[in-house]
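Summary of structural features
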Amino acid sequence: MGVESRCNKDVRYARLHRLLSAAQEEAKALGLKNVLHLSNMALMQTVVDWEGLALEKDADAKLNAAMREKARLSKEHGRATITVVRHDA
């Protein structure tokens, strides 16, 4: 994979990571436990795909290190904000 396409891929994954992180923070603030759980799973899957990890082969330590590194990288490229509007009946 060329440098330019790798860079574009990283930018797209970083943006997705920021959006999912913002959704996670908003879910936590609103006490939406199911959404929080789903956003955690989505963040983990994003990192697995971004890094090309195979969960059945790679150690938990490698996944944890990748999760921290990708969180750091995505924060370097800006911060996403998500506003959740609740319409209670």
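Bear in mind that the values here come from a model prediction, so they are computed numbers and not experimental data. (Residues numbered from 1 in each chain as written. Predicted model: local features only at pLDDT ≥ 70, side-chain atom pairs only at ≥ 80, totals over all residues. Heavy atoms only, no water.)

Here we look at the packing of aromatic side chains
Applying the stated rule across the entire model yields one aromatic pair. Taking 5.7 Å as the distance between ring centres and 10° as the angle between the ring planes, the aromatic pair formed by Y13 and W50 counts as stacked. With a gap of 37 residues between them, Y13 in helix α1 (residues 3–30) and W50 in helix α2 (residues 33–51) connect regions that are remote in the sequence. Considered together, Y13 and W50 belong to a single accessibility category, that of buried residues. (Phe/Tyr/Trp six-rings, centres within 6.5 Å; stacked < 30°, edge-to-face > 60°. Helix = DSSP H or I, 4+ residues; strand = E, 2+ residues; numbered from the N terminus. Buried < 20%, exposed > 50% of the residue type's maximum accessible area, 1.4 Å probe, protein only.)

Here's the deal with the confidence of the model for the protein
For the protein, mean pLDDT is 81; residues scoring 70 or higher make up 79% of the total. Within the protein, the lowest mean pLDDT, 82, falls on helix α3 (residues 60–76), and the highest, 92, falls on α2. (pLDDT = per-residue confidence, 0-100.)

Looking at the nonpolar core
Judged by nonpolar contacts, V47, V48, L53, L63 and A66 together constitute the single largest core of five residues. For this core, the secondary structure elements donating two or more residues are α2 and α3. Setting aside residues no more than four positions away along its own chain, V48 makes contact with L53, L55 and L63. (Core = buried A, V, L, I, M, F, W, Y, C linked by side-chain atoms within 4.5 Å. Contact = heavy atoms within 4.5 Å.)

Re the side chain of T46
Structurally, the position occupied by T46 is in helix α2. Residue classification places T46 among the buried positions, given a relative accessible area of 5%. With near-sequence residues (within four places) excluded, T46 lies in contact with Y13, L16 and L20.

With respect to the packing of α2 against α3
Where α2 meets α3, the axes come as close as 10 Å, and the angle between the chain directions of the two elements is 95°. If you check the angle between α2 and α3, you find them roughly perpendicular. Across the interface between the two elements, L43, M44, V47, V48, W50 and E51 of α2 pack against L63, A66, M67, K70 and L73 of α3. Looking at the contact of α2 with α3 residue by residue, the classes come out as nine nonpolar, no polar and two charged. (Axes fitted to C-alpha atoms, helices over the stretch in contact; angles between N-to-C directions. Parallel < 35°, antiparallel > 145°, perpendicular 65-115°, else oblique. Nonpolar A, V, L, I, M, F, W, Y, C, P; charged D, E, K, R; others polar.)

Here's the deal with the pattern of salt bridges
The full count for this structure, using the stated rule, is two salt bridges. The salt bridge involving E51 is made with K70; its shortest N-O contact spans 2.9 Å. Separated by 19 residues along the polypeptide, E51 in helix α2 and K70 in helix α3 bring together distant segments of the chain. One salt bridge in this structure joins E69 and R72, with 2.6 Å as the shortest N-O distance. Highlighted residues: E69 and R72, both in helix α3, separated by three residues, approximately one helical turn. By relative accessible area, which is 34% here, E69 ends up partly exposed. On the basis of relative accessible area, R72 is assigned to the partly exposed category, the value being 39%. (Salt bridge = Lys/Arg side-chain N within 4 Å of Asp/Glu carboxyl O.)

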